[in-house]
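Okay, here's what each chain looks like letter by letter:
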Amino acid sequence: MAYIEPAPIKDEQNPFEAMMSRFHIASQILGIDDEVYNVLKTPVKQVIVSLPVTMDDGSIKVFEGFRVIHSNILGPSKGGIRFDQGVNLDEVKALAAWMTWKCAVVDIPYGGAKGGIKCNPREMSSGEIERLMRAYTLAMIEIFGPDRDIPAPDMGTGPREMAWLMDEYSRTQGMTINSVVTGKPLVLGGSLGRTEATGRGVMVSTLAAMEKLKINPYKATCAVQGFGNVGSYAALLLEERGVKVVAVSDLSGTYYNENGIDIQEAIDFRNDNNGSLEGYENAENMGGDEILTLDVDVLVPAATEDVITSHNVDKIKARLIVEGANGPTSAKADAVIAEKGIMVAPDILANAGGVTVSYFEWVQNRLGYKWTGERVNRRSDRIMKDAFDNVYKTSQEYNVSMRIAAYIVAIDKVARTYKYRGGF
Ligand code: GLU
């Protein structure tokens, strides 16, 4: 591939630029053709819809909805739907591309996509959210499909929303089609193990990385940023494996206890407290961003994008960062992390447990069969461990960070597949 000057990072907080910067570096190392580079850097399809929804007070509010299909080279595109006030096209484009790389890293037969609606679900009633989800599904009826594009939950959505999506889609087809979406409630064809799958994959990646760094889990401390689905399960499962989780955080602050936090108790507190840790008493509340710079062995950012940036990276003390969130580290921070000798299990590897079990859910739906939780966990653990070892081996081979190695594994696979399929 001819040398292409890296796009200067204009806005460190722009996730699409962050993705492109790593994509560019890995493509150069691999030496992929310009033709393939240009195909992979551009999303296949970008859809923006406006969704008029009747609110409980009778007024009509118009929401903006997105779905970006980054690639369908490896198979039908796959990726979650995010409900958040900050959703915008550049973010959805980056998240869609990350899904492409993620599916390739764990070797499952999907391309990448992502959807989102700019809204604040915390301020909406269940009825309003249902109408919004059904409106979005109808607007995307030509996009979604079990062999075309398969959505799932992401920030701000969960099994309840996926049930509405499945129902609305099925109505339009005149039959129940549960394989159109994953992350559904169990009774609607959801898979055992899906809820905890992303957190579980984070745990498997953490233990695999600790082994390489010769950190004994029973002597290690850990801080987890974000106490939603990913962070809370990651914390719980790490605690189960002997790691002392000394701090967790959410929007209400950083909760620190040097003797370790009882994670199940914190989860129960959160569940009874409207989803927030606010007022949790068995730990000291140190305030917002403290979680990132604590003196711990392992840091798990499991909240959102761009939390580790050039502004705070020099203060990080952890020896290992395991990315439960998508895009938590800015591209500018990568260099400092490398200089400091911190190992990163990057997002497209470490949080791929969710989409892996989504794939199992889709397989079970198509077979009309249900696996045991034990089978789901055993198979996803193996996929995550193999993917980690493969990325680690690649990082040694090319003498690059784990992040660039993960991009190399992914881009190489997608580029080789593209070569077989060809363009026009
Ligand atoms: N939203 C999750 C992710 O970012 C899961 C996607 C899926 O299961 O399709 O990986």
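Located above this text is the structure these notes cover.
Please read these numbers as outputs of a predicted model, since none were measured by experiment.

(A) Quick peek at the packing of helix α1 (residues 15-30) against helix α2 (residues 34-41). Packing of α1 against α2 leaves a shortest axis separation of 12 Å and a crossing angle of 160 degrees. With respect to their mutual orientation, α1 and α2 come out roughly antiparallel. For the element pair α1 and α2, the recorded crossing hand is right-handed. On α2, the residues that touch Phe16, Met20, Phe23, His24 and Ser27 of α1 are Tyr37, Leu40 and Lys41. Each residue belonging to the contact of α1 with α2 can be placed in one class, and the counts come to 5 nonpolar, 2 polar and 1 charged.

(B) Spotlight on the site of the ligand. As a matter of local geometry, the ligand sits amid 14 residues, with Lys78, Lys102, Pro153, Asp154 and Ser358 nearest to it. One nitrogen or oxygen atom from the side chain of Lys78 is found 2.9 Å from an oxygen atom belonging to the ligand. Here Lys114 contributes a side-chain N or O atom positioned 3.0 Å from an oxygen atom of the ligand. When isolated, the ligand has an accessible area of 300 Å², and the protein chains bury 95% of it.

(C) Here's a closer look at the layout of surface pockets. Of the volumes computed, that of the second largest pocket is approximately 360 Å³. Contributing to the lining of the second largest pocket are 21 residues, with Ala338, Val400, Ser401, Met402 and Arg403 lying nearest its centre. Only α1, α9 (331-339), β12 (343-345), α12 (373-398) and α13 (402-421) provide two or more residues apiece to the lining of the second largest pocket. If one sorts the elements of the lining of the second largest pocket by residue count, α9 sits on top with 5 residues. Its residues assigned to classes, the lining of the second largest pocket shows 12 nonpolar, 6 polar and 3 charged.

(D) Seen up close, the nonpolar core. Counting residues in each nonpolar core, the largest one holds 88 residues, and the members touching the most others are Met19, Leu40, Trp101, Val248, Ile263 and Val300. Per-element tally for this core: the top contributor is α13, with 12 residues. Residue contacts for Leu40: discarding those within four places in its chain leaves Phe23, His70, Ile73, Trp101, Ile411, Val414 and Ala415.

(E) Representation of the sheet that holds strand β10 (residues 298-301) within the structure. Read from one edge of the open sheet, 7 strands run β9-β8-β7-β6-β10-β11-β12, paired in mixed fashion. Only two strands of the sheet have a single partner each, and these edge strands are β9 (284-285) and β12. Across the sheet, helix α6 (residues 194-213) is in contact with β10, β11 (320-322) and β12; its angle to β11 comes to roughly 160 degrees. Of the strands in this sheet, β6 (221-225), β7 (244-250) and β10 are in contact with helix α7 (residues 229-240), which crosses β6 at around 165 degrees.

(F) Spotlight on the packing of helix α3 (residues 89-105) against α13. In the contact formed by α3 and α13, the axes pass within 8 Å of each other and the chain directions differ by 90 degrees. What the angle tells us is that α3 and α13 run roughly perpendicular. Contact residues: α3 offers Trp98, Thr100, Trp101, Ala104 and Val105, while α13 offers Ala406, Tyr407, Val409, Ala410, Ile411, Lys413 and Val414. Here the residues of the contact of α3 with α13 are counted per class, giving 10 nonpolar, 1 polar and 1 charged.

(G) α3, seen in detail. With 17 residues, α3 should reach 24 Å at 1.5 Å per residue; the first-to-last C-alpha distance of 24 Å fits that figure. Taking burial as the measure, the 17 residues of α3 include 15 buried ones, the bulk of the element. With a side-chain oxygen lying 3.1 Å from the backbone nitrogen of Asp90, the N-terminal cap of α3 falls on Asn88. Phi turns positive, to about 60 degrees, at Asp107, one or two residues after α3.

(H) Up close: the pairing of strand β4 (residues 111-118). In terms of burial, β4 is largely enclosed, as 7 of its 8 residues are buried. Two strands pair when backbone bridges link them, and strand β2 (residues 60-71) and β4 are joined in this way by 6 bridges, in the antiparallel orientation. Paired with Val68 across the bridge in β4 is Lys114. In this structure, strand β3 (residues 77-84) lies alongside β4, joined through 6 bridges in parallel fashion. The partner of Asp84 across the bridge, within β4, is Lys118. Read from β3 through α3 to β4, the crossover connection turns out right-handed.

(I) Region of interest: a nonpolar patch on the surface. A cluster of nonpolar side chains, namely Ile25, Ile29 and Tyr398, defines an oily patch on the protein surface of about 230 Å² accessible area. The topology assignment puts Ile29 in helix α1.

(J) Fine view of unusual backbone geometry. Backbone geometry at Asp107 places phi at a positive 60 degrees, although glycine is not the residue there. In this structure, Asp107 sits in the loop between α3 and β4. Here the phi dihedral of Asp306 falls at roughly 50 degrees; this positive angle occurs in a residue that is not glycine. Summarising the element assignment, Asp306 is placed in the loop between β10 and β11.

(K) Up close: the side chain of Gln225. Summarising the element assignment, Gln225 is placed in strand β6. Excluding anything up to four places from it in sequence, Gln225 contacts Ser249, Ile291, Leu292, Val300, Pro301, Ala302, Ala303 and Val307.

So, how was this worked out
Residues numbered from 1 in each chain as written. Predicted model: local features only at pLDDT ≥ 70, side-chain atom pairs only at ≥ 80, totals over all residues. Heavy atoms only, no water. Axes fitted to C-alpha atoms, helices over the stretch in contact; angles between N-to-C directions. Helix = DSSP H or I, 4+ residues; strand = E, 2+ residues; numbered from the N terminus. Parallel < 35°, antiparallel > 145°, perpendicular 65-115°, else oblique. Left-handed = near helix turned anticlockwise from the far one by under 90°. Contact = heavy atoms within 4.5 Å. Nonpolar A, V, L, I, M, F, W, Y, C, P; charged D, E, K, R; others polar. Near = heavy atom within 4 Å. Polar contact = N/O pair within 3.5 Å; in protein donor to acceptor, adjacent residues only side chain to side chain. Areas by Shrake-Rupley, 256 points an atom, 1.4 Å probe, with all protein chains shown as cover. 1 Å grid on protein atoms, 1.4 Å probe; cavity = no way out; pocket = protein on both sides within 12 Å on 5 of 7 lines; lining within 4 Å. Points joined across faces, edges and corners; volume = space filled by probe spheres on them. Core = buried A, V, L, I, M, F, W, Y, C linked by side-chain atoms within 4.5 Å. Buried < 20%, exposed > 50% of the residue type's maximum accessible area, 1.4 Å probe, protein only. Pairing = 2+ DSSP bridges. Expected span 1.5 Å × (residues − 1). Right-handed = clockwise from strand over helix to strand, strands pointing away. Patch = residues over 30% accessible without salt bridge, like charges linked within 9 Å, V, L, I, M, F, W, Y side chains within 5 Å. Salt bridge = Lys/Arg side-chain N within 4 Å of Asp/Glu carboxyl O.

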